[in-house]
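Reading the structure
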Amino acid sequence: MRNVDSTRHVRGESLFVDDIVSPQGTLYGYVYYSSIAHGKILSIDFEEALHVHGVKGIISAKDIPGENQIGGIVQDEDLFAEEFVHFIGHPIALVIAESFLQAHDAAKKIKCVFEKLPAVFDPREAAEKGELIIPQRIFELGNINKAWKKCDYIFEGTVENGGQEHLYLETQGSLAFPIEGGGIKIISSTQGPTTVQRTAARVLDLPMHKIEVDVTRLGGGFGGKEDQATAWAIMAALAALKLNKPVKIILPRQEDIRITGKRHPYSSDFKIGLTKNGKILAYDVTFYQNAGAAADLSPAILDRTLFHCTNSYFIPNVKATALSCKTNLTPFTAFRGFGGPQGMFVIESAIYKAAKELGIDPSEIQKINLLKEGNEFPYGQKTLNCNIKKCFAGVEEKYKPEEVFDRIREFNSKNKLVKKGAAIMPVTFGISFTTTFLNQASALLHIYTDGSVSISSAAIEMGQGVNEKLRIIAANELSINIERIRIDSTNTSRVSNTSATAASKGTDLNGFAVIDACKILIERLKKVAADELKLYKTSRIVLKNEMVFYKNDKTDLTFTKLVNIAYQKRISLTAQAHHSTPNIYFNKKTNKGEPFAYHSYGVGIMEVTLDCLRGIYEVDSVKVVHDFGDTINKTIDLGQAEGGIVQGIGWMTMEELKWNSEGKLLTDALSTYKIPDIHAVPKEMKIHFLENVSNPFGPNNSKAIGEPPLMYGIGVYFALMNAMR
Ligand code: MTE
Ligand code: HPA
Ligand code: MOS
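Residues numbered from 1 in each chain as written. Chains lettered and ligands numbered in written order. Predicted model: local features only at pLDDT ≥ 70, side-chain atom pairs only at ≥ 80, totals over all residues. Heavy atoms only, no water.

So, the site of ligand 2
Every residue near ligand 2 is listed here: E226, A300, R304, F338, S432, F433, T434, T435, L438, A502 and A503. The contact in question runs from a nitrogen atom of ligand 2 to an N or O atom on the side chain of E226, over 2.7 Å. In this structure, R304 approaches ligand 2 through a side-chain N or O atom, which is 3.0 Å from an oxygen atom. Here ligand 2, which alone exposes 260 Å², has 98% of that area covered by the protein. (Near = heavy atom within 4 Å. Polar contact = N/O pair within 3.5 Å; in protein donor to acceptor, adjacent residues only side chain to side chain. Areas by Shrake-Rupley, 256 points an atom, 1.4 Å probe, with all protein chains shown as cover.)

Some words on helix α15 (residues 506–532)
Under the 1.5 Å per step criterion, the end-to-end length of α15 is 38 Å for 27 residues, consistent within 8% with the ideal 39 Å. At the C-terminal side of α15, K534 shows a positive phi close to 55°. (Helix = DSSP H or I, 4+ residues; strand = E, 2+ residues; numbered from the N terminus. Expected span 1.5 Å × (residues − 1).)

Focus on the side chain of N510
Relative to the helices and strands, N510 is located in helix α15. When its relative accessible area of 4% is taken as the criterion, N510 is described as buried. A distance of 3.0 Å separates a polar side-chain atom of N510 from the backbone nitrogen of A458. When residues no more than four places from it in sequence are discounted, the contact partners of N510 are A441, S442, S457, A458, A459, L470 and K505. (Buried < 20%, exposed > 50% of the residue type's maximum accessible area, 1.4 Å probe, protein only. Contact = heavy atoms within 4.5 Å.)

A closer look at the pattern of salt bridges
Under the counting rule described, the total for this entry stands at 43 salt bridges. In this structure, D303 engages R137 in a salt bridge whose closest nitrogen and oxygen atoms are separated by 2.8 Å. Linking D303 in helix α9 (residues 298–307) with R137 in strand β7 (residues 137–141), this pair joins segments that are 166 residues apart in sequence. Residues K569 and D531 are paired through a salt bridge, measuring 3.7 Å at the closest nitrogen-oxygen approach. Separated by 38 residues along the polypeptide, K569 in the loop between α16 (559–568) and β24 (574–580) and D531 in helix α15 bring together distant segments of the chain. If you follow the salt bridges from partner to partner, you end up with D214, R486, D488 and R494 in one network. (Salt bridge = Lys/Arg side-chain N within 4 Å of Asp/Glu carboxyl O.)

With respect to the packing of helix α6 (residues 193–204) against helix α7 (residues 230–243)
At a minimum axis separation of 9 Å, α6 and α7 run at an interaxial angle of 45°. Here α7 runs oblique to α6, going by the angle between their axes. The handedness of the crossing between α6 and α7 comes out as right-handed. Each of T195, V196, T199, A200, V203 and L204 in α6 lies in contact with α7, whose residues at this interface are T230, A233, I234, A237, L238 and L241. (Axes fitted to C-alpha atoms, helices over the stretch in contact; angles between N-to-C directions. Parallel < 35°, antiparallel > 145°, perpendicular 65-115°, else oblique. Left-handed = near helix turned anticlockwise from the far one by under 90°.)

Considerations on the domain arrangement of the protein chain
For the protein chain, the assigned domains are domain 1 (25–118 + 166–259), domain 2 (120–160 + 266–369), domain 3 (378–433 + 596–725) and domain 4 (440–580). Of the residues lining the interface, 19 residues belong to domain 1; the matching set on domain 2 comes to 21 residues. Between domain 1 and domain 2 we count zero salt bridges in total. Linking domain 1 with domain 2 are six residue pairs in polar contact (both at pLDDT 80 or more), by the criterion used here. Residue classes in the side of domain 1 that touches domain 2 are distributed as eight nonpolar, six polar and five charged. (Domains from an automatic or database assignment. Nonpolar A, V, L, I, M, F, W, Y, C, P; charged D, E, K, R; others polar.)

Comments concerning the side chain of E707
Structurally, the position occupied by E707 is in the loop between β29 (684–689) and α18 (713–724). Comment: no salt bridge for buried E707; closest opposite-charge side chain is R304, at 5.5 Å. Among the polar contacts made by the side chain of E707, one reaches the main-chain amide nitrogen of G337 at a distance of 2.9 Å. Not counting residues within four places of it along the chain, the set of residues in contact with E707 comprises R336, G337, F338, F429, A503 and S504. (Lys, Arg positive; Asp, Glu negative; His and termini not counted.)

Quick notes on the sheet that holds strand β18 (residues 453–457)
What the four strands build is an open sheet, ordered β19-β18-β17-β24; its pairing is mixed. The open sheet terminates on both sides in strands that have one partner only, identified here as β19 (485–487) and β24. On average, adjacent strands in this sheet sit at an angle of 20° to one another, irrespective of strand direction. Bridge count for strand β17 (residues 440–447) against β18 is five bridges, and the pairing is antiparallel. Note on β18: the bridge partner recorded for I447 is V453. Seen against the sheet, α15 touches β17, β18 and β24 and runs at an angle of roughly 140° to β24. (Pairing = 2+ DSSP bridges.)

Section: the packing of aromatic side chains
Aromatic ring pairs: the centre-centre distance and the angle between the two ring planes describe each pair. A full pass over the atoms with the stated rule returns 16 aromatic pairs. Plain terms: the ring middles of F377 and Y379 are 5.0 Å apart, the flat faces sit at 10° to each other, and that makes the pair stacked. Plain terms: the ring middles of Y717 and F718 are 5.1 Å apart, the flat faces sit at 85° to each other, and that makes the pair edge-to-face. Members of the aromatic cluster, each reached through a chain of ring pairs, are F139, F307, F377, Y379, F586 and F596. A cation over a ring is seen here: R217 above F16, with NZ or CZ 5.9 Å from the ring centre. If you follow K271 out to its NZ or CZ, it ends over the ring of W148, 4.3 Å from the centre. (Phe/Tyr/Trp six-rings, centres within 6.5 Å; stacked < 30°, edge-to-face > 60°. Lys NZ or Arg CZ within 6 Å of the ring centre and 35° of its normal.)

Things to note about the site of ligand 1
Close to ligand 1 lie 18 residues, the nearest being G221, F222, M462, G506 and Q640. A distance of 3.5 Å is found between an oxygen atom of ligand 1 and a backbone nitrogen or oxygen belonging to S504. In isolation ligand 1 offers 520 Å² of accessible surface; the protein chains occlude 92% of this area. Split into classes, the residues belonging to the shell around ligand 1 amount to five nonpolar, ten polar and three charged.

Structural notes on the nonpolar core
With 95 residues, the main nonpolar core has I272, Y283, F287, V622, I714 and V716 as its most contacted residues. Considering each element in turn, this core owes the most residues, nine residues, to helix α10 (residues 340–358). Both domains that furnish three or more residues to this core are identified here as domain 2 (120–160 + 266–369) and domain 3 (378–433 + 596–725). Once residues lying within four places of it in the same chain are set aside, the contact partners of V622 are I605, M606, I645, I649, P682, E684, M685, K686 and V716. (Core = buried A, V, L, I, M, F, W, Y, C linked by side-chain atoms within 4.5 Å.)

Details of the pairing of β17
Along β17, six of the eight residues are buried, which leaves the element largely enclosed by surrounding structure. As judged from the seven bridges shared by β17 and β24, these two strands associate in the antiparallel manner. Each residue of the ladder has a partner; that of L444, found in β24, is Q576. What sits between the antiparallel neighbours β17 and β18 is a turn of five residues, in which G451 has the positive phi angle 85°.

Re the sheet that holds strand β2 (residues 39–45)
The strand order across the open sheet formed by three strands is β4-β2-β6, and the pairing between neighbours is antiparallel. Sheet topology places β4 (84–85) and β6 (111–116) at the edges, where each strand pairs with a single neighbour. Two strands pair when backbone bridges link them, and β2 and β4 are joined in this way by two bridges, in the antiparallel orientation. Across the sheet, the residue bridging to G39 is V85, located in β4.

Pasting the structure below:
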């Protein structure tokens with residue numbers, strides 16, 4: 001159950017972009033960017049910078065042969081600013097030199113004169129001015145206006161959530177070099193190689209077939225490289241084409257924090273109505289998403305906020321309104337959970353407020369409103385194989401919340417300066433890209449004559465273990481030793497038109513494609529075996545444990561022998577397969593459909609201890625019952641759960657982005673932006689894998705796990721709130 005990458009990482013053998021041996025003569029790029037949040041570029045002078053020793057050139061908007069446009073969903077983002085700058089960090093030029101330090105020094109000599117324009121940083125202020133990225137979106141179920149009258153209690157409130165810096169260990173980077181015939185090869189730390197390829201084609205005015213993007217692995221992405229790896233990849237490509245030299249860009253840590261996008265801060269209003277029994281009858285919520293200065297993935301993220309605005313609860317009357325507000329901050333982007341956490345935080349805040357006013361524990365409201373089989377979400381999909389109640393029951397049985405709450409009450413009554421608190425956090429997360437067409441992937445599988453197997457797919461390995469999961473899936477399907485199988489880099493020339501590895505769908509989509517490719521090869525190999533064994537049909541032939549079986553009897557044909565016979569008979573040992581998720585759809589006009597292949601479920605209980613005198617706290621425990629389906633690799637899934645939880649705790653408790661009144665990010669270093677370290681990790685973490693929950697919609701009956709556990713972090717916030725109360 002070990003992940004091959006672990007050994008390589010520990011030994012320092014894994015190759016990241018900056019480790020890949022650079023071609024001779026590689027030059028280094030440094031991004032020169034706007035120092036003001038909004039303004040007009042009056043003049044720009046590169047003269048002095050160009051004379052710095054080692055400088056080979058400076059490229060800017062006027063050097064772009066194609067379109068100066070990198071926007072994916074909305075075409076509203078230039079690669080290099082032309083007349084106007086819209087945020088601090090807005091790229092203006094790329095300085096290219098023989099060394100990084102020379103490029104960095106030269107950038108300081110660029111003289112840019114701006115005329116400052118008024119800037120907006122607050123999403124509500126932007127909304128008031130009509131500065132929206134897309135028209136507002138509304139999801140509705142039932143009729144809230146009628147429902148209020150039936151409510152015994154109605155509570156209202158406002159919720160703010162901050163953003164979050166990804167802090168992937170490997171900063172953004174790329175290496176590009178010219179190839180024969182005017183093409184370009186780009187090695188990029190991206191979750192979306194096709195996004196890089198497609199956008200590079202547009203900017204460089206080249207056909208996509210002249211651009212090859214290759215990705216070995218990422219030192220973490222967490223959504224931060226779904227869209228935002230593209231700019232640096234294209235800048236390197238542009239410089240490489242222009243100078244006919246290899247060009248590398250690696251963002252230094254502080255620059256990466258300053259100029260790349262983060263999780264979206266939101267400001268939200270809620271109104272929740274309940275019966276005296278605690279049933280939630282109506283929920284009205286408005287989300288003001290701070291999108292930053294360009295759309296990036298904000299519209300899709302806004303949608304996922306709406307999809308998850310009722311979290312794990314059935315609420316018969318819902319109106320959820322979402323506004324994507326344009327401000328003068330670096331465009332915010334995907335981050336684990338993709339808008340879902342922001343939506344869930346507001347409903348949990350509403351429940352917390354209601355419980356507080358009613359003098360009961362929030363878990364009482366949570367429990368009686370949990371989704372049941374067949375309940376409808378505000379987007380029209382009904383629950384199927386709904387396991388949220390099973391998870392809740394599992395938490396009750398294993399971790400005894402009543403006893404926890406009693407123990408805490410007892411502790412708190414005896415301690416004045418130290419208080420404990422606990423909270424329960426259910427998580428229901430829809431699995432599929434909410435942009436339906438992205439739910440596709442392909443795999444290319446080669447069997448070589450020595451019996452070794454190479455697999456290429458659309459999946460990007462970023463630490464989440466997708467490569468190891470694909471190996472397990474293929475080894476299982478081909479019934480061969482896993483050591484035979486290697487996952488090759490993700491490459492746009494081998495696997496085309498890929499979706500980014502995101503939405504927790506990496507293993508699902510690519511795993512199914514790998515299974516299909518294996519099946520094609522097995523069928524071919526069985527025919528070869530039938531021929532060899534002088535049989536008419538393949539129906540009683542089975543490939544098992546590296547051997548050919550006929551009618552349950554082992555023949556003397558081994559896997560390698562069979563492969564060689566196939567080769568001698570001139571049978572192709574390569575297969576390609578494409579997979580697309582069946583039956584999902586979503587109508588963006590009515591906002592109804594069945595966008596998700598299935599849902600991921602889990603419930604956690606968290607305990608904290610708060611030192612009221614010093615204002616510090618510890619997370620004592622996070623205990624979870626989670627539905628992993630049939631896990632493909634328990635170690636990897638456990639790592640995803642634990643890592644997600646800690647990242648969620650970081651977002652909810654200690655990480656804080658601060659900008660000054662000019663829109664300059666103040667928390668741009670590890671000294672000012674605190675992420676969880678080993679001391680902030682819960683002292684005890686128990687992750688129980690819910691039993692007997694085989695998932696028919698996942699490969700090998702597994703379930704996606706990448707994003708959902710992050711949202712358990714929300715529970716830690718409420719445990720702290722309870723401790724403070
Ligand atoms: N785990 C590690 N170690 N590193 C990462 O960058 N990204 C997360 C999650 N887990 C990430 C991670 C995010 S945002 C997603 S969408 C999924 O992994 C993507 O991979 P998957 O689809 O294979 O689960
Ligand atoms: N998750 C992640 N990325 C996406 C999605 C999603 O649901 N939709 C479009 N891009
Ligand atoms: Mo994950 S935020 O979908 O890359």
